[in-house]
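The residues making up each chain are set out below.
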Amino acid sequence: MSEAPHLTFDLVSPGVSMGHLFVPGGADCGELSLPVFSLNKGEGPRLLVTRGNHGNELEGPLVARQLIEWLPEAPTGGRVIVLPVLNPLAVEAWSRNTPLDGLNLNRVFPGRADGSVTERIGDAVSRVLLAMADTVFDLHSFGPTWDFPPAATTHPIADRDLMARTVRMAEAFKLPLALVWDCNDTAGMFDILAQNQGKVFVCAEFGGGTVGADNLAIYEAGVRNELIALGLLEGQAEYPTFRQEKSGQTLETHPSDELKSPAPGIFEPGCSVLDEVKQGDLLGILHPMESLSSESIDIRAPGRSLVVAIRSGAHVEMNEGIAIVARPLKI
Ligand SMILES: [Zn+2]
């Protein structure tokens, strides 16, 4: 029987320590060693920061490296554990899913000890690292085919107290958008597992797909704001600048707020993220390409709302999402 997942070092040691999370090998590949950083300044909140869940979202791993650089010198308390790359096989392939087994790591939690490599990573993270934290930040990007503003997101949580604390933590990132995202595709997500254990879990998202200095600066400022809000870091939280503005808003979106393509084709965006729209405003135009006699189709806002995501840069199939709208959160 193979060795159980474990850390190769003692996280309880005071100050900075580094080592690896050992993920056992299986039938499909050998063991993995995921680098882990720990800063232990004694009593206080216990934060786990994870990145590189999806391999084509590279801002998170870069901000994790920056955090590891400056955090030890900063006035801090409590404990911060950073795992910059959750899924090295996907990151090396710049792929959302693990090439070896085709699985999306963020749909396999809590994983399986005797499963394929993605499931074994999920199992090791769930059993070894999650138990050591009260709060988790998982830094994603929205990927290359959508425009999406810097956002801190959560799904709705049945426990009202945990929901309120999670929304407060999402707002404390001070990103342009804090979003409560009600969607149907949540089975096996890391946040659902953590929230079911009573932990505060906030996911950060970004549109784009290429790494840029502006986005990285906003992301890093958001993480710094979170550390301040948790009492892990001294300092003044501040809204980072996004499109010449320093502000944030808290919105909610539901499955019915996702607009689907009425035909296959290329979507031409007609608005920008965070635009306010009213019923009938143009969101974009879908251009069918297989026949030039098929007319282009206007996609219009279903009601008063804000645009939070807009499809860009990819051919879409019929019924694929092309825009997501949202409204101010009502708790
Ligand atoms: Zn992701």
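Quick note: structure is the one above.
Because the structure is predicted, anything quoted here is derived from the model rather than measured.

Caption draft 1: Region of the structure containing the overall build of the protein. Secondary structure assignment for the protein yields 6 helices and 19 strands. Here the C-alpha coordinates of the protein stretch approximately 65 × 50 × 35 Å along the principal axes. Among the 331 residues that make up the protein, the fraction classed as buried is 54%. Looking at the protein alone, contacts between residues at least 24 apart form 70% of all its contacts between residues at least 6 apart. Of the accessible surface of the protein, which amounts to about 14,400 Å², a share of 51% is contributed by carbon and sulfur atoms. Of the side chains in the protein, 25 bear a positive and 42 a negative charge, and the two mean positions are spaced by 5 Å.

Caption draft 2: Molecular detail of the pairing of strand β19 (residues 321–328). Counting buried positions along β19 gives 6 out of 8 residues, so the element sits mostly inside the fold. Looking at chain direction, strand β11 (residues 249–253) and β19 are connected through 2 bridges and run antiparallel. Its bridge partner lying in β19, E252 is registered against R327. With 3 bridges joining them, strand β12 (residues 258–260) and β19 adopt antiparallel strand pairing. For K260, the partnering residue across the bridge sits in β19 and is G321. Direction of pairing for strand β17 (residues 305–311) relative to β19: antiparallel, over a ladder of 4 bridges. Residue pairing in the sheet places I310 in a bridge with A323 of β19.

Caption draft 3: Representation of the coordination of the zinc ion in the model. Note on the zinc ion: its protein donors are H54 (ND1), E57 (OE), E57 (OE) and H140 (ND1). The metal-donor distances range over 2.0 to 2.5 Å. What the 4 donor atoms of the zinc ion show is an angle range of 56 to 154 degrees at the metal, which sorts the shape as irregular. The sequence pattern formed by the donor residues of the zinc ion is H-x2-E-x82-H. Placement of the pair is E57 in the loop between β4 (46–51) and α1 (59–70) and H140 in the loop between β6 (135–139) and β7 (146–147), with a sequence separation of 83 residues. Under the relative-accessibility criterion, E57 is labelled buried at 3%. Taking the relative accessible area as the measure of exposure, H140 reaches 2% and is therefore buried.

Caption draft 4: Here's a closer look at the environment of G26. Mapped onto the elements of the fold, G26 is located in the loop between β2 (15–23) and β3 (32–41). Its relative accessible area of 37% is what places G26 among the partly exposed residues. When the C-alpha atoms of G26 and P149 are compared, they prove to be 39 Å apart, with 123 residues separating the residues in sequence.

Caption draft 5: Main features of the side chain of T118. Mapped onto the elements of the fold, T118 is located in helix α3 (residues 117–129). Judged by its relative accessible area of 0%, T118 falls in the buried class. At a separation of 2.7 Å, a polar atom in the side chain of T118 contacts the side chain of T98. If near-sequence neighbours (up to four positions away) are discounted, T118 is found in contact with T98, D101, L103, N104, L105 and V108.

Caption draft 6: Local environment of the pattern of salt bridges. Counted according to the given criterion, the structure contains 13 salt bridges. Between D28 and R120 there is a salt bridge, with the nearest N and O atoms lying 2.9 Å from each other. Taken together, the positions of D28 in the loop between β2 and β3 and R120 in helix α3 put the pair 92 residues apart, joining distant regions of the chain. For D28, a relative accessible area of 30% gives the class partly exposed. A salt bridge links D114 to R112; the nearest nitrogen and oxygen atoms lie 3.4 Å apart. Since its relative accessible area comes to 64%, D114 is described here as exposed.

Parameters and conventions
- Residues numbered from 1 in each chain as written.
- Predicted model: local features only at pLDDT ≥ 70, side-chain atom pairs only at ≥ 80, totals over all residues.
- Heavy atoms only, no water.
- Helix = DSSP H or I, 4+ residues; strand = E, 2+ residues; numbered from the N terminus.
- Buried < 20%, exposed > 50% of the residue type's maximum accessible area, 1.4 Å probe, protein only.
- Contact = heavy atoms within 4.5 Å.
- Areas by Shrake-Rupley, 256 points an atom, 1.4 Å probe, with all protein chains shown as cover.
- Lys, Arg positive; Asp, Glu negative; His and termini not counted.
- Charge placed at Lys NZ, Arg CZ, Asp CG, Glu CD.
- Pairing = 2+ DSSP bridges.
- Donors = N, O, S within 2.8 Å, 3.2 Å for Na, K, Ca; no water.
- Tetrahedral: all angles 85-135°; square planar, octahedral: opposite > 155°, others 65-115°.
- Polar contact = N/O pair within 3.5 Å; in protein donor to acceptor, adjacent residues only side chain to side chain.
- Salt bridge = Lys/Arg side-chain N within 4 Å of Asp/Glu carboxyl O.

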